[in-house]
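Examining the three-dimensional arrangement
The chain contents come next:
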4 protein chains.
Amino acid sequence: MVSFAVLGCGRIGRMHARNIGSHPRAGLVGVYDVVPGAAEELSAELGARVLGSVDEALGDPVIDAVFIASTTDTHVDLITRAAKAGKAVLCEKPIDLDIARVEACWREIGTLDPLVMIGFNRRFDPSFRALRDRIQAGELGKVEQVVITSRDPAPPPAQYIRGSGGLFRDMTIHDFDMARYLVGDIVEIQAMGATLVDPMIAGEGDIDSAMIVLRAASGALVHINNSRRCAYGYDQRIEAFGEKGMLQAHNRRPTTVESWGAERTQARDPVLDFFIERYFEAYMAEIDHFVDCVETGAKPLAGFAEGREALRLADAGLESLRTGGVVRLER
Amino acid sequence: MVSFAVLGCGRIGRMHARNIGSHPRAGLVGVYDVVPGAAEELSAELGARVLGSVDEALGDPVIDAVFIASTTDTHVDLITRAAKAGKAVLCEKPIDLDIARVEACWREIGTLDPLVMIGFNRRFDPSFRALRDRIQAGELGKVEQVVITSRDPAPPPAQYIRGSGGLFRDMTIHDFDMARYLVGDIVEIQAMGATLVDPMIAGEGDIDSAMIVLRAASGALVHINNSRRCAYGYDQRIEAFGEKGMLQAHNRRPTTVESWGAERTQARDPVLDFFIERYFEAYMAEIDHFVDCVETGAKPLAGFAEGREALRLADAGLESLRTGGVVRLER
Amino acid sequence: MVSFAVLGCGRIGRMHARNIGSHPRAGLVGVYDVVPGAAEELSAELGARVLGSVDEALGDPVIDAVFIASTTDTHVDLITRAAKAGKAVLCEKPIDLDIARVEACWREIGTLDPLVMIGFNRRFDPSFRALRDRIQAGELGKVEQVVITSRDPAPPPAQYIRGSGGLFRDMTIHDFDMARYLVGDIVEIQAMGATLVDPMIAGEGDIDSAMIVLRAASGALVHINNSRRCAYGYDQRIEAFGEKGMLQAHNRRPTTVESWGAERTQARDPVLDFFIERYFEAYMAEIDHFVDCVETGAKPLAGFAEGREALRLADAGLESLRTGGVVRLER
Amino acid sequence: MVSFAVLGCGRIGRMHARNIGSHPRAGLVGVYDVVPGAAEELSAELGARVLGSVDEALGDPVIDAVFIASTTDTHVDLITRAAKAGKAVLCEKPIDLDIARVEACWREIGTLDPLVMIGFNRRFDPSFRALRDRIQAGELGKVEQVVITSRDPAPPPAQYIRGSGGLFRDMTIHDFDMARYLVGDIVEIQAMGATLVDPMIAGEGDIDSAMIVLRAASGALVHINNSRRCAYGYDQRIEAFGEKGMLQAHNRRPTTVESWGAERTQARDPVLDFFIERYFEAYMAEIDHFVDCVETGAKPLAGFAEGREALRLADAGLESLRTGGVVRLER
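Residues numbered from 1 in each chain as written. Chains lettered and ligands numbered in written order. Predicted model: local features only at pLDDT ≥ 70, side-chain atom pairs only at ≥ 80, totals over all residues. Heavy atoms only, no water.

**Focus: the domain arrangement of chain A**
Residue and element names in this part refer to chain A.
- Segmentation of chain A into domains returns domain 1 (2-114) and domain 2 (122-275 + 304-328).
- Between domain 1 and domain 2, the C-alpha centre-to-centre distance is 27 Å.
- When domain 1 packs against domain 2, close to 1,200 Å² is buried across both sides, 75% of that on carbon and sulfur atoms.
- Across the pair Lys 93 and Asp 170 runs a salt bridge, and its minimum N-O distance is 4.0 Å. (Domains from an automatic or database assignment. Buried area = accessible area lost by both parts, 1.4 Å probe. Salt bridge = Lys/Arg side-chain N within 4 Å of Asp/Glu carboxyl O.)

See the structure below:
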């Protein structure tokens, strides 16, 4: 049984708190938020204690683990303090928007060998995970090419864009991590971006559409395409191609119904929209994996290093956008 | 908040007890089973009280509703007693294997206007329900034909067959109910059966394969095909055809992964197997609907009459098997 | 090289004449039609001789084979005369609407051991043929159930209905033959019919919708469903189910394009409509098979007996409609 | 009626000669090849005259059009001479491997305003064409992203690689043209290549795998992925994404059969392999379009300029490979 405190009771924190509450080997002990009332509301729903401060959580010997679901700018501080307090940490991505801070964080806590897991939920999606397991079992032979399609249903508001660190650090970071999950370390990146969806995003100095090509140390080539808008829902697909064939993982829909009529046949529902629905099973499996790690001491599938490497790729992608050239990643 | 006692702690009872336990507006108060230890085990898992007798459940004013998941031969007695005790009843199908007992049961309790819901879980499957809702919304115009495919992964043991009432009362009863769910009352039935899967089943005087045609009062024709064996899993599909087109509801699989190779392309996983996995969401939605009925007094989507009519169709199908002729159902 | 005369230059005759003309080992020598001008028009298009009479065709030693594409009431006479004249015969289905005339025809010509092939084009559809070949290769193990879906896009005019011999002899006859193609001889039939599409058809004493169940001598059960209307095109599908799994053959569409939008995803074109488009490849392969039979003396995949058996099934189906009972076919 | 001479009687020339022969408004008058016997063989099959020289074809007033299917190094010379002789020209891609020669060719013949069509057969594929027509009809709104998947079944022999001009000029050239067909002129290109399939190809100084990103003048981004090997056949797909949704065009298979079994479900045939089978309908439609252009004076869908622009993109891609940087195309 792993006892959790959830730090941050916004939308994503509430979802994780519920998932922790329903996990057979996890218990939700306390919840904390800087916004008055947020923790109280969640406490009323789930029966966990309202924590008066982060220190209360970190000082409580009953609490084994903290789930950090607060704003990005607080992650490094909370990871550091929690690691020093001997708590296991599951932190939402990204670790930080600044790679220097991320690296400094690890210099400070790395010697403690803390259990820090980063919430790259897509690694736990049953279909993406099955695709990866089948690759590792040799079904494709050597993987030669991967295509990752990742499109959000609709652009976020300007305020969100402003604090997001830009498309690559906010959205593509998941795809960079997926690339690494499937083909390992990346050595080169080329990126092309555009603002095709919403001029507001250009106004914020960001892009809303991107096409990226990566080269892995293994030799494999990976393509990522992103858009901040997708009329048919949250488009999340992977195609991996190798010597012996191809594996695809497709979108999920609310039903299996197909409609056949005079205008069209085999028409299906729009795809699940948005991440809380699409990755429902993944978020549950993420908690389950973390609980396993806490209980057994196993290394998490997405540790601190995964968070750092995905951010390095985002930064390299931004440099490629700026220079138009291929960027080589030092190892 | 609706408080439940679960009567019968076998596999299906345990599943429902867990679903009740996780429903936000339902509570599991007590569990009962005639087999020593079964209720204790479930109680230990879920924290509900072990009930010493059915009467203890029916006499407890805290308990609003009973879930009857005991053996078929106990259903009529338990429904009757629970209805008289003023409890809401959710009972697994079938009500009984003997239509005379079913009708006698209703004569005894009907005037009490009890809330009795029968566990025709497939009515609550999100895809089947969406198919029906879209029919009712007029997407097909008048429904002309329905094809119901319903195949179990593997035949049950001889002992189960012996007490099952035969294929039609045990397995097809779900499909008879589905036919009524989609096109309303049935007026004619023709059935052809065979033992193609397992000679043991013929030895028990039962069939393991069937093809049935029904005519609805609406004029629609319905085909049901059944098998007690299906190599690729639990095959559960519906196709409804009307003036304006067709709606299909398909099987569900564990992942969305497709495999492409030298031998085959677009190959997917075997389908979910068996009912607890396939109809997981349906069983949850069934509890949810029943809780709604208890709280609001609404009529359940599958009441006592649905249980009786499905059994009448099973009996009529058996008569058609015996005579080779069409059997007309009196209304 | 096989030289053909085409008797009957209506729509279907013209199609076959063009297919013969483009076959590398077939030649179109002459065309004949009772309607003035019809043969002339086809001759102008394809360069074949206009024949003044059937006798001119049958008496011409250059002509190896006749394709009978004239009206159904002329088939028996033309088959008989052509067989006696030593010509190979490829005749559109049905042989006749009257089983007595069909049997008399064979009594008259059977001893000549003529090459008579009946135009059951669906046997030559690449997908249906592959499905059958894979069954025969053992992919399903023993075949237990078959579902044949066969729906025309729209009802024909009253005049056509009047001369058609009814749904079973006109349309279902193809499905009866398909059943025999897949599972062999049929021993029992149950049929249910209705007029759900067009009251005109009821006025003509015919039905426009049917659901049929057959039992094969092998033990397999077969379901056929028919409609004279299908909003999404010409619905032609087969599903064969056996010990080891299932094979399905699906509809064909003009393109592989899928459309994804806010209302629906994966939407495809309506299916090919009507038989000339849907079975284009089948008609070509039918000619090819017949040419092989003429050249090598092989038995055709669909001989006179297939035409007779399909008609017997149509008649038995009509009897089942009338009596409501199962009809057993004498062997 | 358009009379053709076919210059070059290799595999592709023979295919086109047959297609011309079976086109209702085209006639195959003569065939020519430098290899002794090749023209004779084709003449024997199709009945066309064997031409003793290119001049004999160009000097014959009966001949309206030449189909140039000889080796790439002869294309520019033959296009030039045919254009000067007033013949309509349909030439296999590429025009040449050297952009300077291509531009010189047009300087020489451009003022004659000749009808020169380049054999970009994929523009005529019914599915790709439908996808484009639907884009132009506004189904997607503004096109934002396109993904072109293009993989050959197996690498060609070393000798072919040596004379091919490299992956981009030989294989990707079709995809560059497809990109222009769908989104218009291209202004930027980034390319990443690798040799993952066959070391022989690296030995020849070529690559066998590539991922490319293009930016169109319209703003749209286009991704192309290529491989010289594909276990499941000739992988040819397009995905176009816009404001209102997505259109996909998929691979084609020999049958519609799906197989369901204990190991996998919905498994389909490998895809059609290779270009002559996959693009059979496209090649027929290409001839048809060219005949229309000859008869009506319409501009071909793929003129000389399309051949030149695709080659410029190939050259720019090679430059990007070399420099690792984005290459901007001058307009």
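Moving on from the model shown.
**Let's talk about the interface of chain A and chain D**
- Taken together, the contact pairs 45 residues of chain A with 45 residues of chain D.
- With both sides pooled, the region where chain A packs onto chain D buries about 3,500 Å², and carbon together with sulfur makes up 59% of that total.
- Summed over the shared surface of chain A and chain D, the number is six salt bridges.
- Viewed at the interface, chain D and chain A are joined by 16 residue pairs in polar contact (both at pLDDT 80 or more).
- At the level of elements, strand E7 (143-151), strand E8 (186-194), strand E9 (209-216), strand E10 (221-227), strand E11 (235-242) and strand E12 (245-249) of chain A are the ones that each hand at least two residues to the side of chain A that touches chain D.
- Considering every element that reaches the side of chain A that touches chain D, the biggest residue donor is E8 of chain A, with seven residues.
- Its residues assigned to classes, the side of chain A that touches chain D comprises 20 nonpolar, 15 polar and 10 charged. (Contact = heavy atoms within 4.5 Å. Polar contact = N/O pair within 3.5 Å; in protein donor to acceptor, adjacent residues only side chain to side chain. Helix = DSSP H or I, 4+ residues; strand = E, 2+ residues; numbered from the N terminus. Nonpolar A, V, L, I, M, F, W, Y, C, P; charged D, E, K, R; others polar.)

**A short note on helix H6 (residues 126-136) of chain D**
Residue and element names in this part refer to chain D.
- Looking only at H6, the buried set comprises Ser 127, Phe 128, Ala 130, Leu 131, Arg 132 and Ile 135.
- Structurally, H6 contributes buried residues whose contacts are with strand E7 (143-151), helix H8 (167-183), strand E11 (235-242), strand E12 (245-249) and helix H10 (275-278).
- Within two residues after H6, Gly 138 carries a phi angle of roughly 95°, on the positive side. (Buried < 20%, exposed > 50% of the residue type's maximum accessible area, 1.4 Å probe, protein only.)

**A look at the relation of the copies chain A and chain D**
- Expressed as a screw transformation, the operator carrying chain A onto chain D has a rotation angle of 180° and an axial translation of 0.0 Å, and the superposed copies differ by an RMSD of 0.0 Å. With respect to symmetry, the two chain copies, as superposed, fit the operation of a two-fold axis. Nearest to the rotation axis, the C-alpha of Gly 325 of chain A is located 1.9 Å from it, this being the minimum over chain A.
- The overlap is high: 100% of the interface residues of chain A also sit at the interface in chain D, so the same surface is used on both sides. (Least-squares fit on C-alpha atoms with pLDDT ≥ 70 in both.)

**Comments concerning the relation of the copies chain C and chain D**
- Overlaying chain C on chain D yields an RMSD of 0.1 Å, the required transformation being a rotation through 180° with an accompanying axial translation of 0.0 Å.
- Both copies present the same face, since 100% of the interface residues in chain C are matched by interface residues at the equivalent positions in chain D.

**What about the sheet that holds strand E10 (residues 221-227) of chain B?**
- The eight strands are arranged E13(A)-E12(B)-E11(B)-E7(B)-E10(B)-E9(B)-E8(B)-E14(B) in an open sheet whose pairing can be described as mixed. Both outer strands of the open sheet, strand E13 (258-261) of chain A together with strand E14 (327-328) of chain B, are each paired with one neighbouring strand and no more.
- Examined bridge by bridge, strand E8 (residues 186-194) of chain B and strand E9 (residues 209-216) of chain B share eight bridges and lie antiparallel to one another. The residue bridging Met 192 of chain B from the neighbouring strand is Met 211 of chain B, located in E9 of chain B. (Pairing = 2+ DSSP bridges.)

**Re the interface of chain C and chain D**
- Facing the 25 residues of chain C at the interface are 25 residues of chain D.
- Summed over both sides, the interface between chain C and chain D buries roughly 1,800 Å², with carbon and sulfur atoms accounting for 48% of that surface.
- Where chain C touches chain D, the interface holds two salt bridges.
- Of the charged contacts in the structure, one is a salt bridge between Arg 134 of chain D and Asp 269 of chain C, with a shortest N-O distance of 3.7 Å.

**Focus on the packing of helix H4 (residues 72-84) of chain B against helix H5 (residues 99-109) of chain B**
Residues and elements named next belong to chain B.
- It is at 10 Å that the axes of H4 and H5 come closest, and there the two elements cross at 5°. Taken together, the axis directions place H4 and H5 in an arrangement best described as roughly parallel. Of the residues in H5, those in contact with Asp 73, Val 76, Ile 79, Thr 80, Ala 83 and Lys 84 of H4 are Arg 101, Cys 105, Glu 108 and Ile 109.
- Split by residue class, the contact of H4 with H5 holds five nonpolar, one polar and four charged. (Axes fitted to C-alpha atoms, helices over the stretch in contact; angles between N-to-C directions. Parallel < 35°, antiparallel > 145°, perpendicular 65-115°, else oblique.)

**A few points about unusual backbone geometry**
- The linkage connecting Lys 93 of chain B with the following residue, Pro 94 of chain B, adopts the cis geometry, with an omega of -10°.
- One non-glycine residue, Gln 266 of chain A, adopts positive backbone phi at about 60°.
- Structurally, Gln 266 of chain A can be placed in the loop between E13 and helix H10 (275-278).
- Assessed through its relative accessible area of 23%, Gln 266 of chain A is described here as partly exposed.

**Regarding the environment of His 75 of chain D**
Residue and element names in this part refer to chain D.
- Structurally, the position occupied by His 75 is in helix H4 (residues 72-84).
- When the C-alpha positions of His 75 and Glu 92 are compared, they lie 8.2 Å apart, and in sequence the two are 17 residues distant.
- Setting aside chain neighbours within four positions, we find His 75 in contact with Ile 68, Ser 70, Cys 91, Glu 92, Lys 93, Pro 94 and Ile 95.
- Among the polar contacts made by the side chain of His 75, one reaches the main-chain carbonyl oxygen of Glu 92 at a distance of 3.3 Å.

**Here's the deal with the pairing of strand E12 (residues 245-249) of chain C**
Residue and element names in this part refer to chain C.
- Counting buried residues along E12, five of its five residues qualify, which places the element largely inside the surrounding structure.
- Neither face of E12 is exposed, since Gly 245, Leu 247 and Ala 249 on one face and Met 246 and Gln 248 on the opposite face are all buried.
- As consecutive antiparallel partners, strand E11 (residues 235-242) and E12 are separated by two residues.

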